[in-house]
Every structure is written in structure tokens, then in C-alpha cells.
Amino acid sequence: MNDFADRPTAESINALITSLSLLWGDSNTQNEIMDSYVNQTVVIWPPGSTHQTYHAATAAAKIEQAVAVQLSYEPTAHRNPVGDGKKAQTNADAIEPWMRAVVKLAALQEPELTWKAAGRYGIKYGHFVLKGPLWVDFEEEEPERKRGEHQDDFELRHSVWKGQKGNWFPIRIRAVHPSMVLLDPWSKQPPVVVELSSR
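Residues numbered from 1 in each chain as written. Predicted model: local features only at pLDDT ≥ 70, side-chain atom pairs only at ≥ 80, totals over all residues. Heavy atoms only, no water.

*Asks:* Just checking my understanding: could you explain the nonpolar core for this structure?
*Replies:* In globular proteins that are soluble, nonpolar side chains generally tend to be buried together. If you look at the biggest cluster of nonpolar residues, it comprises 10 residues: L16, L20, W24, V129, V176, V181, L182, L183, V192 and V194. Every element with two or more residues in this core is listed here: α1 (10–38) and β3 (181–183). (Core = buried A, V, L, I, M, F, W, Y, C linked by side-chain atoms within 4.5 Å. Buried < 20%, exposed > 50% of the residue type's maximum accessible area, 1.4 Å probe, protein only. Helix = DSSP H or I, 4+ residues; strand = E, 2+ residues; numbered from the N terminus.)

*Asks:* Can you walk me through the environment of V194 in this structure?
*Replies:* Counting through the fold element by element, V194 comes out in strand β4 (residues 193–195). Ignoring anything within four residues of it in the chain, the contact list for V194 reads L16, I17, L20, M180, V181 and L182. (Contact = heavy atoms within 4.5 Å.)

*Asks:* What is the right way to look at the environment of A117 in this model?
*Replies:* Relative to the assigned elements, A117 resides in helix α4 (residues 114–125). Leaving out residues up to four positions away in the same chain, A117 has contacts with E112 and A175.

*Asks:* Where do I start with α4 in this structure?
*Replies:* Structural remark: α-helix, 3.6 residues per turn; residues separated by three or four positions point the same way. Counted at 1.5 Å a residue, the expected span for α4 with its 12 residues is 16 Å, and the 16 Å between its end C-alpha atoms agrees. For α4, the tally of buried residues reaches 9 of 12 residues, placing the bulk of the element in the interior. When we look at burial in α4, the residues that qualify are T114, W115, A117, A118, G119, R120, Y121, K124 and Y125. As for α4, its buried residues are in contact with α1, α2 (58–69), α3 (86–108), β1 (129–135) and β2 (171–176). Following α4 by one or two positions, G126 has its phi on the positive side, about 85°. (Expected span 1.5 Å × (residues − 1).)

*Asks:* Got a minute to help me understand the packing of aromatic side chains in this structure?
*Replies:* To describe a pair of aromatic rings, one takes the distance between the centres and the angle between the planes. This structure, assessed with the given rule, holds 1 aromatic pair. Aromatic side chains Y121 and Y125 sit 6.1 Å apart centroid to centroid with 25° between the ring planes, which places their arrangement in the stacked category. Taken together, the positions of Y121 and Y125, both in helix α4 and 4 residues apart, correspond to about one turn of that helix. Here Y121 falls in the buried class, since its relative accessible area comes to 16%. (Phe/Tyr/Trp six-rings, centres within 6.5 Å; stacked < 30°, edge-to-face > 60°.)

*Asks:* Looking at this structure, I do not really get a nonpolar patch on the surface. What am I missing?
*Replies:* Taken together, the side chains of L71, L105, L108 and L113 define a hydrophobic patch exposed on the protein surface, amounting to about 310 Å² of accessible area. Residue placement: L113 occurs in the loop between α3 and α4. Overall, the relative accessible area of 35% leaves L113 in the partly exposed class. (Patch = residues over 30% accessible without salt bridge, like charges linked within 9 Å, V, L, I, M, F, W, Y side chains within 5 Å. Areas by Shrake-Rupley, 256 points an atom, 1.4 Å probe, with all protein chains shown as cover. Salt bridge = Lys/Arg side-chain N within 4 Å of Asp/Glu carboxyl O.)

*Asks:* I keep staring at the pattern of salt bridges and nothing clicks. Help me out?
*Replies:* Opposite charge on two side chains lets them pair, provided their charged atoms get close. Applying the stated criterion across every chain yields a total of 6 salt bridges. The shortest N-O distance in the salt bridge between K124 and D35 comes to 3.2 Å. Pair noted here: K124 is in helix α4 and D35 is in helix α1, with a separation of 89 residues, a long-range link. For the pair K124 and D35, one class covers both residues: buried. E195 is the partner of K131 in a salt bridge, and the nearest nitrogen-oxygen pair spans 2.8 Å. Taken together, the residues K131 in strand β1 and E195 in strand β4 connect sequence positions 64 residues apart. The partly exposed category is assigned to K131, whose relative accessible area is 30%. Residue E195 is classed as partly exposed on the basis of its relative accessible area, which comes to 42%.

As C-alpha cells, then:
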């Protein structure tokens with residue numbers, strides 16, 4: 001595996017993507033087959049057949065049941081003290097509640113709970129990938145009064161915008177679909193991760 005001790009080049013990045021794609025290819029193919037059963041899209045009869053198709057929901061139900069049971073997982077946060085002595089330990093302990101709150105609130109910002117999605121991927125594929133912490137800026141522009149808009153309506157829209165901006169939480173933690181991430185499976189903290197996307 002390339003450790004990228006030198007500055008990466010287009011060739012080294014392409015070589016890394018090729019080797020990781022080959023490494024994960026069989027696993028991702030098996031996951032696609034399993035997904036066809038879970039998502040109830042598996043082709044049971046050959047194309048052109050007039051037989052009725054029945055897809056049992058057992059696979060999806062079992063996975064959702066397992067995900068719901070393990071949803072009680074709550075991430076913990078720990079900070080090692082910097083230095084020796086009681087004050088260093090107190091300072092380390094003081095930040096831990098804040099870290100736990102940030103992780104919980106970041107997970108609540110996603111369309112699906114981060115830990116629920118991670119649990120589903122873990123149960124289905126045997127591993128999951130978390131992406132973060134990410135910083136997301138508040139991008140909604142301040143509203144302007146529309147022509148003919150009543151002052152009360154504009155003030156209501158503006159107060160909603162102001163409240164959203166004031167309560168904006170910029171930190172996100174996302175559970176990324178494992179087939180979209182190529183990483184070294186033999187490294188607990190891989191130095192290089194390739195996230196695939198489609199345009």
C-alpha cells in the first residue's frame with residue numbers, strides 16, 4: 001500500500017484506486033447480491049417469464065430488527081490528560097461532556113441517525129465507515145422583503161431565518177456507504193482513504 005511519503009501524483013493516485021478497487025471488488029459484488037435480497041429487487045425468474053414474483057421481506061426485517069436492538073449504542077468520549085497532576089486530569093475530564101454532546105448533536109443533524117446507519121452497514125457488510133468531523137457552513141442567505149409582501153409576513157420569515165442561523169450547528173458526522181469508500185483493510189487507521197462519488 002502506498003504510504004504517500006512523497007507528494008502524490010496522478011499516477012500514484014490512479015494506481016492506489018486500481019489496487020484498492022481490485023482488493024474490494026469481490027466483497028462489493030457480494031454486497032450488491034445481498035442488497036438485491038434485502039431491497040427485494042432480486043430477479044427470481046428469467047427475463048420474459050410470466051410467473052408472478054414474490055419477494056419475502058424476511059431479510060430486510062431481520063436486519064432492521066437487529067439495527068433497532070443495537071440502537072442503544074452510545075458513543076463515549078475520552079481525553080487523555082496533557083501533563084501530570086490533578087489539574088491536568090481535571091482539565092481533561094472537563095472537556096469530555098462537551099465532546100459527548102457534540103457527537104450526539106452532530107449525529108442528529110443527519111437525515112438518518114448516524115449510529116443507526118452505521119449499525120445497519122455493520123450488520124449488513126461487516127464494517128462501517130464514519131466520515132467526520134465535517135464543518136458545514138450556514139449557507140442560507142438573509143431573506144429580503146418581496147415586492148408586495150406584508151411587513152408581518154416578512155418579519156416572520158426573517159425571524160425564522162434568524163433563529164435557524166442562531167441555532168445552526170456546523171459539525172457533522174456521517175455514516176458513508178462502505179462500497180463508496182476504498183481503504184486499507186489491514187490498517188486500523190489507514191493513512192489514505194479514497195471516497196468514490198458519481199457526477
